[in-house]
Amino acid sequence: MHFLKFDWNPTSGIEIIGNFQLHFYSLMWVTAFLLGWYVMKRIYEKENVSLEYLDPLFIYTVLATMIGARLGHVIFYQPELFQQDFLSIFLPIRTKPELEFTGFQGLASHGAAIGIIIGMYLYRKKYNYKSLIWILDRIVIPVSLGAIFIRIGNFINSEIIGKVTDSSLGVRFIQDEYSKREAIQLTGINNPKEAYNAIANNPQFQNLLDAVPYRHAAQLYESACYVFVFIILWVIYTKTNKKDNPGFLFGLFLALLWTIRFFVEFVKEAQVDDRATWALNTGQWLSIPFILVGFYFMFVYKGSSKKA
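Residues numbered from 1 in each chain as written. Predicted model: local features only at pLDDT ≥ 70, side-chain atom pairs only at ≥ 80, totals over all residues. Heavy atoms only, no water.

Draft legend 1. Fine view of the overall build of the protein. Of the regular secondary structure elements, the protein holds 13 helices and seven strands. When each of the 308 residues of the protein is scored for burial, the buried share is 48%. Restricting to contacts in the protein with at least 6 residues of sequence separation, those with at least 24 account for 73%. Total accessible area on the protein stands at roughly 15,700 Å², and carbon and sulfur atoms take up 63% of it. (Helix = DSSP H or I, 4+ residues; strand = E, 2+ residues; numbered from the N terminus. Buried < 20%, exposed > 50% of the residue type's maximum accessible area, 1.4 Å probe, protein only. Contact = heavy atoms within 4.5 Å. Areas by Shrake-Rupley, 256 points an atom, 1.4 Å probe, with all protein chains shown as cover.)

So this is what it looks like as structure tokens:
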């Protein structure tokens, strides 16, 4: 059965001016943060915590997530950028081979997780109204919701693609197979968007389309699983007394999310080519410590959620 197979050749953003484009991936991040703010507002209202603490929490979370995610990607997957294109580490651009606005690309979820934990520690030092573990137990709920949209953004961007498959779930990622420059050269069409559309729809370039393999939509698999992580956390928080067990929700989040990540990695392409022969890929090795820490907070940790 092949009824679910399809070609993916999206418009990745809205053209503004010149090379500047408002990327849908960036909009997914904005959506994630705004929904996260709304969920935390519900939590603060439910627990009678002053909303004056909410906006600073939002700012700390945004900065910690973006800085952690970007540095995590560079450290874990592209350390060569420190020498080859230093500005691209901190700005939504690349300068080589030419200056181009790329939006928020090259972000690692492991780095984001570490960044959020550090960010919440710094936030708690300045705003001393609840314990750090109380904040972590609650911040993971909107974080799990945001993760859904980030992976949808990855799919829109045709990045973090899956391995080649002959299953009925295969997707042909045309824009991953051919760079903009390659699409222009192979079709003779100077506009990248038109070149990609020609590969996807023009029978003259059927050979180019046929050369694109079907792959697992690993981003969507992961996103769908994160829906359940969010639902589980929200139900446990609202319907049980587990939220009063310090560290339980934080640990459950770590165990669930990174276990999902560990198994989805089996159908993902390795993000670093020279590590493709490893027994486990980089994402899996990085996930294992988070899972173990999650179990520790669920079953061992006996701290207090009271203000310290």
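Having seen the structure, we can now continue with the description.
Draft legend 2. View of a nonpolar patch on the surface. The grouping of I75, F82, F86, L87, F90 and L91 at the surface amounts to a nonpolar patch, some 600 Å² of accessible area in total. Tracing the backbone through its elements, the reader meets L87 in helix α4 (residues 87-90). (Patch = residues over 30% accessible without salt bridge, like charges linked within 9 Å, V, L, I, M, F, W, Y side chains within 5 Å. Salt bridge = Lys/Arg side-chain N within 4 Å of Asp/Glu carboxyl O.)

Draft legend 3. Quick look at the packing of aromatic side chains. Tallying each qualifying case throughout the model produces 27 aromatic pairs. Judged by centre distance (6.4 Å) and plane angle (85°), the rings of F33 and F58 are edge-to-face. Highlighted residues: F33 in helix α1 (residues 24-46) and F58 in helix α2 (residues 54-76), separated in sequence by 25 residues. Relative accessible area serves as the criterion here: at 16%, F33 is assigned to the buried category. One aromatic cluster is present, formed by Y44, Y53, Y60, Y123, Y127, Y129 and W134 through successive ring pairs. One Lys or Arg, K243, reaches over the ring of Y237 and ends 5.9 Å from the middle of that ring. (Phe/Tyr/Trp six-rings, centres within 6.5 Å; stacked < 30°, edge-to-face > 60°. Lys NZ or Arg CZ within 6 Å of the ring centre and 35° of its normal.)

Draft legend 4. Quick look at the packing of helix α5 (residues 109-126) against helix α6 (residues 132-156). Contact geometry for α5 and α6: axes closest at 11 Å, N-to-C directions at 145°. Remark: the crossing between α5 and α6 carries right-handed chirality. Contacts between α5 and α6 involve S109, I116, I117, M120, Y121, Y123 and R124 from the first element and L132, I135, L136, I139, V143 and R151 from the second. Of the residues in the contact of α5 with α6, the class split is ten nonpolar, one polar and two charged. (Axes fitted to C-alpha atoms, helices over the stretch in contact; angles between N-to-C directions. Left-handed = near helix turned anticlockwise from the far one by under 90°. Nonpolar A, V, L, I, M, F, W, Y, C, P; charged D, E, K, R; others polar.)

Draft legend 5. Highlighting the sheet that holds strand β6 (residues 171-173). Read across the open sheet, the three strands follow the order β1-β6-β7; overall the sheet is mixed. At either end of the open sheet lies a strand with only one pairing partner, and these are β1 (6-8) and β7 (214-215). Strand direction decides the pairing type here: β1 and β6, joined by three bridges, are parallel. Paired with F6 across the two strands is V171, which belongs to β6. (Pairing = 2+ DSSP bridges.)

Draft legend 6. Structural detail: empty space enclosed by the protein. All told, the structure shown has three cavities of 30 Å³ or more when counted by the stated rule. When its volume is computed, the largest cavity comes out at roughly 560 Å³. Around the largest cavity, the lining is made up of 36 residues, and of these T65, I116, V143, G146 and A147 lie nearest the centre. Contributing elements (two or more residues each) for the lining of the largest cavity: α1, α2, α5, α6, α11 (218-239) and α12 (248-264). Considering only residue class, the lining of the largest cavity consists of 27 nonpolar, six polar and three charged. A volume near 70 Å³ is recorded for the second largest cavity. Contributing to the lining of the second largest cavity are A113, I116, I117, L136, I139, V140, V143, F250, F253 and L254. Going through the elements one at a time, α5, α6 and α12 are the ones with two or more residues in the lining of the second largest cavity. (1 Å grid on protein atoms, 1.4 Å probe; cavity = no way out; pocket = protein on both sides within 12 Å on 5 of 7 lines; lining within 4 Å. Points joined across faces, edges and corners; volume = space filled by probe spheres on them.)

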